[in-house]
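# Residue-level structural notes
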Amino acid sequence: MSLLNWLRGKRGWLPGVVAVLLLAVLLGGCGKGDKEKEKAKTGSDTLYIGMANPPEFFNPLMHPGIAGKFAIRFMYDTLLGMPEPNKFTPALAESFESKDNQNYIIKINPKAKWTDGKPVTAQDVVYTLNLIANPKVENSKGSYIKMLEGVDDQGQLPAGATSISGVTAVDDRTVSLKTKTPMDPNYLKSFLGFEVFIVPKHIFETIEPSAIGTSEAATKPTVTSGPFKFVTYKTNDHVEYTANADYYQGTPKLKKIFIRIMNGTNLVTELKSGNIQMVAGGGIGIVPLKDLEMLKKDSKLTVRTVPALMGQYLDVNNGLPEFNTKFRQAVTTAINRQQLVDQLYKGAAQLVPTIYTPACDAYDKNVTPVPFDPEKAKQLLAESGFDTSKELVLSVPLGNVLREQSADLIQQDLKAVGLNVKQEKLDFPTLLTRARKGEYQMILIGYGLSVDPDYSSYFVPGGSNNYAHINDPKLTKMMLDAASMTSAEQRKAAYSEIQKYMKEQQFITSLYAPDYIIAQSKNLKGGIRDFWDGSLVDLHEWTLEAK
Amino acid sequence: MGAYVVKRLIISVPVLFLISVGAFLLVHLTPGDPADMYISPDMTPAQIELTRMSLGLDKPWVVQYGEWMKNLAGGNLGFSFSNRQPVGEIISQRLNPTLLLMSLSLLVAYLMAIPLGIVSALKKNSLLDRMIIGWTFFNVSFPPFFLGLALIYVLAVQLDLFPTGGMGVLGEENDWISQGMHLVLPVMVMASQFSANMIRYVRASVLDVLEQNYIRTAVSKGLSGVQILLAHVCRNSLIPIVTVIGTDLPKVIGGAVVTEQIFQWPGIGSLTVAAIHSRDYPILMSIVILSAVTVLLANLLVDVLYAVIDPRIRYEK
Amino acid sequence: MNTEKLVLVGNPGSLGELTAEPFANETGRKPAPVAEETAESWGRMTWRRFCQNRVALVSLVLFLGIVLIAILAPVLSPFNPNQTVGTFAASPSGTHLLGTDDVGRDVLSRLIYGSRVSLIVGVGSVLIYASIGIALGLLSGYFGGLVDSVLMRVTEVFMAYPHFMIIMVIVSLIGPNMLTVMLVMGFMGWPPICRLVRGEVLRVKSLDYIASAIVTGYSPYTIVFRHILPNVLSPILVNATFGIASAILMEASLSFLGMGVQPPAASWGNMLTSAQSLTILSEEPWRWIPPGVAILVAVLTINFLGDGLNDAVGGGSK
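Residues numbered from 1 in each chain as written. Chains lettered and ligands numbered in written order. Predicted model: local features only at pLDDT ≥ 70, side-chain atom pairs only at ≥ 80, totals over all residues.

Across its full length, chain C carries 14 helices and 0 strands. Along the chain direction, N to C, the helices and strands of chain C fall in the order α-α-α-α-α-α-α-α-α-α-α-α-α-α. Taking all 318 residues of chain C together, 55% fall into the buried category. In chain C, once contacts between residues fewer than 6 apart in sequence are set aside, the share between residues at least 24 apart is 70%. (Helix = DSSP H or I, 4+ residues; strand = E, 2+ residues; numbered from the N terminus. Buried ≥ 20, exposed ≤ 12 C-beta atoms within 10 Å, placed from the backbone. Contact = placed C-beta atoms within 7 Å.)

Rendered as structure tokens:
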């Protein structure tokens, strides 16, 4: 970029793109320019973040993807912050207390204000929760409030009800909540406290509930409560934010933030050239593993990998009778998962026995992965009674290169034990539709997991993520019981048992849990945390220091 | 002439209609429910149905098409599935970068190609002529993505002369110079493709003209080479130039998919790829219609230009 | 100059960045003189003229070489192209002359097998669209009237579609693989040939001896196959040759974008996809330069071949 600076200094006598172009083409032949790459980027108050997935829209009630949620967190605050799993910090809620694990009192921070100057009140919180429970409002937050008294198991108001009975505004600053049964406070805090963005009642009540999705408030928000304010979004290109000087937790030290949307390769080049100071990380700003070594060599960057709350799975359709337990065990035993972790992921992934990953509190280290053993797999396959002459189709979603490559390796491994496996590549929506209807034999799929170990939606009949069509009464009971326990220790023990049972039954094959790669400029104080979801908790304190 | 243009425009209406029906059927009859793309795993079946409703996917396709047409007639291209913003706004954001890239590429290509074509014809069968012709073959045979990658490798990665992609640096003022630097590599790729056709065409037509009797007369009258070139050859080469422009113009909207993808150019081409991946039908439909309109208009424009530069051409009604 | 011809000239069969037909526009502009000779001597004459063009001759040899490699792929490939056979992403060595890819497959073997995809898609799609184009062109020109108007409107619709984009959309929606790429390209590419054939039919129909043949009651079959097809054979052949080059480029581009042939099957285009990674681009050139060069050489030789053919049949540039 040095040539660029050089030209920029003399632009007086070089007007017009064409002239520059011609000159540049000429210069292009002249060879290497001087190599000083440092731009005037040090000690700046503008932060550039690279992100691979576009943040669909800015609807605080509904965001299909993680990228949207990430982008919304810059502008909307939740009641609580969660810098580490199940460690909570006050945010809009000054306090969030319960004496009996069923009745909660939330005190709103009196300094909290919307960007139009109006105070954030208890009425806003009550309104938000009721909006989520309103069956006419398109939203993805129902499962975060389903524990409240007065909503059904999907977090929706039952027919006839107009408001949630378990939620009341005691006064302007106080909200009282009541759950259906006593439960682990962490469950409520990490879901309702940390995942529900509080919306301004005075703005949203002017919008027809069914039209919130396409309203200005959901695509170009102006009244928010977080440390940064929305400026503009250029579709699939960048989001611009500016600091909210009146932020109740303190004026943000950065003045501006840009989230730039670019592919993985460009994340690498832009990080290296200092045009972005961090990548969004998580599942939405992953630098290609291939380039990890290159980034680690760069002295201006800190790069590390941490276990993540996500995994890649091979789901065998449990709804088909021929795929019995022995067959599923055979599949898991036949796949060289260590090779996937070591060679394909270059070690930046975890070999996991079940859906639970080391990033999850409830992960039980004593449950070890089923070892790779082709001979054993052949034996299990013979015992399963599966007709190996039958063609098996492995459906692979397009879009994740490493997963597509893993499919090639898995196919080879399964063929090696005598299964006649054919691969079929489908785009993601097609695959999901088929998975939901159970019209498949085997699929590869990735799940992003919650902090709370209640993953029942993946395993119980009717669960929204039960793509494997698992219907095992014992597992269902274990999972539902564990979810409703009130003490953290009790729950942990219950989830330990669940992991043992899952390992034995292999309802789904956990292939590996890819690590998150955290890569950012050394002069950025702040940035992505080991617990990715909690990264933006102290956003207002982040700074870019001069070297 | 006016009547002719009107007639052509009227004919294009049914053509566009058929195109829109075809495109609509194509995207709506393929397996897979696009709504799956826009829901969160946390949503309940009832909520998913709500999303399908707000995207308009709950109705049969004929009704959906009818609504789409109705909106179109009112100048409304609908909302993008993936970000719920008006399609018109998204497309207009993407149109400028594409137009900038393509117009500049065409300009560079023609500025390079026309003199080369003329020289090549004047020095017919010389070494220079053969080199120019050989070069045109290289240009059309070089896969654009391979050329793009090679340029990035040599000029951006190894020599560090140009940025590897994008359209400018955000947040700073993007002066002409920064923009220009970002344009160099993609323009080089596109221009090399465009120039080849023009060179060969100009060469052929100049050769054609040179063999005409009136040129021989001019030579025998003792006019100088430059005079002949300016007075006769250039004028008569205009038609083939217009012809080539006619083949190039329709590509302005959809012609740079691969190049935009490689250089992360925020234009229509990369929007198309993104829309395909996210099954964003309203965007796809609008892009298809937009490019079809471009093709039809470009064809019309070229036909009109023919009549303007060559009075012998007349169009019957 | 009429509008019909102008539309032919505005041939969207080639995309801006995929214009593998250097002068597709010119073919058909100067129809070959009506063949008076028999087919055999036409062939011999063409061959004689073709041989005078050294570049074309060399290209022919190279092209035949590629065909041979494609046919003999199982014999020539040192390894199974779709199977992990070595360490992942290894640099070139004695065992793996061009190294291995990200999942340990032999790059050389994949390169060799990739030639099959390119040739099958290239030749296959052109065969499909040439057959459709010839059939519809003959129908349209021979019957005229309503058939002609309807067919010409349909051609207009097809030609107004942004070609590459539409193919990209269709292929990715119905499921990208070699067969769909070939079929979709085949079904989208026929209009230029259709127009070419129709124009020729109209011209031949107006000739005195054909008119008299019709009057004397020759069957349409005889007229089409004895008198019309031989005349359009040269421009079709030239058009088809460039078409193959175009199709190879298009397949490679689609595969490069991930919307064509899918791994583990090897295609030159999808081998280049990985070069979008900075590390591969700058540190593992053996991964992306060989397939890139392979596409370039294949397309270049076919284009030179087409050029030589065009000169030989007398329809070309001077």
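The rest of the description comes next.
The next thing to look at is unusual backbone geometry. Residue C:Pro264 follows C:Pro263 across a cis peptide bond; omega there is 10°. Positionally, C:Pro264 belongs in the loop between helix H11 (220-256) and helix H12 (268-273). Phi at A:Asn236 takes a positive value of approximately 55°, unusual for a residue other than glycine. With respect to the secondary-structure elements, A:Asn236 resides in the loop between strand S8 (228-234) and strand S9 (238-243). The residue A:His469 is not glycine, and still its phi comes out positive at about 55°. The residue A:His469 is located in the loop between helix H16 (456-459) and helix H17 (473-483) in this model. The class for A:His469 is buried, based on 20 C-beta atoms found within 10 Å.

This part is about the pairing of strand S5 (residues 103-108) of chain A. On a regular strand, one side chain projects to one face of the sheet and the next to the other, so that they alternate. Residue and element names in this part refer to chain A. Side-chain alternation along S5 places Tyr104, Ile106 and Ile108 on a buried face and Asn103, Ile105 and Lys107 on a face that remains uncovered. Both strand S4 (residues 93-98) and S5 contribute to a ladder of 5 bridges, which runs antiparallel. What sits directly across from alanine 93, in S5, is isoleucine 108. Here S4 hands over to S5 after 4 residues, with asparagine 101 in that stretch at a positive phi of 60°. Judged from the 5 bridges that link them, S5 and strand S7 (residues 174-178) form a sheet pairing that is antiparallel. Within the sheet, the bridge partner assigned to lysine 107 lies in S7 and is threonine 174. (Pairing = 2+ DSSP bridges.)

At the junction of the two partners, chain C supplies 50 residues and chain B supplies 57 residues. Residue assignment for the side of chain C that touches chain B shows that the elements contributing at least two residues are helix H1 (3-9), helix H6 (145-160), helix H7 (163-174), H11, helix H13 (278-283) and helix H14 (289-312) of chain C. Top contributing element to the side of chain C that touches chain B by residue count: H7(C), with 8 residues. Tallied by class, the residues present in the side of chain C that touches chain B amount to 34 nonpolar, 12 polar and 4 charged. (Nonpolar A, V, L, I, M, F, W, Y, C, P; charged D, E, K, R; others polar.)

This paragraph deals with the sheet that holds strand S6 (residues 167-171) of chain A. Residue and element names in this part refer to chain A. The sheet built from 4 strands is open, its strands ordered S4-S5-S7-S6 with antiparallel pairing. In this open sheet, the two edge strands, each paired with only one partner strand, are S4 and S6. Geometrically, the sheet is characterised by an average inter-axis angle of 20° between neighbouring strands, direction not taken into account. Here helix H4 (residues 122-133) sits on the sheet and contacts S5, S6 and S7; the angle it forms with S6, its principal contact strand, is near 170°. (Axes fitted to C-alpha atoms, helices over the stretch in contact; angles between N-to-C directions.)

Close reading of the predicted structure is inappropriate where its pLDDT is low. Residues and elements named next belong to chain C. The predicted model of chain C has a mean per-residue pLDDT of 80, with 86% of residues at 70 or higher. Segment residues 1-37: pLDDT under 50, and 115 contacts once partners within four positions in sequence are set aside and those in other chains are kept. What the predictor reports for the complex is a pTM of 0.83 with an ipTM of 0.84. (pLDDT = per-residue confidence, 0-100.)

Okay, helix H14 (residues 401-416) of chain A next. Residue and element names in this part refer to chain A. Here H14 spans 23 Å end to end across 16 residues, near enough to the 22 Å set by a 1.5 Å rise per residue. For H14, every residue scored as buried is listed here: Leu402, Glu404, Gln405, Ser406, Ala407, Asp408, Leu409, Ile410, Gln411, Asp413 and Leu414. With its phi angle positive at about 100°, glycine 418 sits one or two positions after the end of H14. (Expected span 1.5 Å × (residues − 1).)

Taking 1.5 Å of rise per residue, the 15 residues of helix H5 (residues 127-141) of chain B would be expected to cover 21 Å, and the 21 Å separating its terminal C-alpha atoms lies within 8% of that figure. Those residues of H5(B) lying buried are B:Ile132, B:Ile133, B:Thr136, B:Phe137, B:Asn139, B:Val140 and B:Ser141. In this structure, the buried residues of H5(B) make contact with helix H4 (87-122) and helix H7 (176-210) of chain B together with H11 and H14 of chain C.

The next subject is the nonpolar core. Soluble globular proteins: nonpolar side chains tend toward being buried together. Of all hydrophobic cores here, the largest spans 333 residues; its most connected members are B:Met198, B:Leu284, C:Ile167, C:Met168 and C:Ile248. It is H7(B) that provides the largest number of residues to this core, a total of 19 residues. Look past the residues within four positions of C:Ile167 in its chain and what remains in contact with it is C:Val184, C:Met185, C:Met188 and C:Met250. (Core = buried A, V, L, I, M, F, W, Y, C linked by C-beta atoms within 7 Å.)

Before going further, it helps to spend a moment on the sheet that holds strand S15 (residues 391-397) of chain A. All names here are of chain A. Strand order in the open sheet formed by 6 strands is S14-S18-S13-S17-S15-S16, with mixed pairing between adjacent strands. One side of each edge strand has no neighbouring strand; the edge strands of this open sheet are strand S14 (349-350) and strand S16 (420-426). Where S15 lies against S16, 7 bridges are found, and the strand directions are parallel. Bridged to glutamate 391 within S16 is asparagine 420. This element, helix H15 (residues 428-437), spans S15, S16 and strand S17 (442-448) of the sheet and lies at about 130° to S15.

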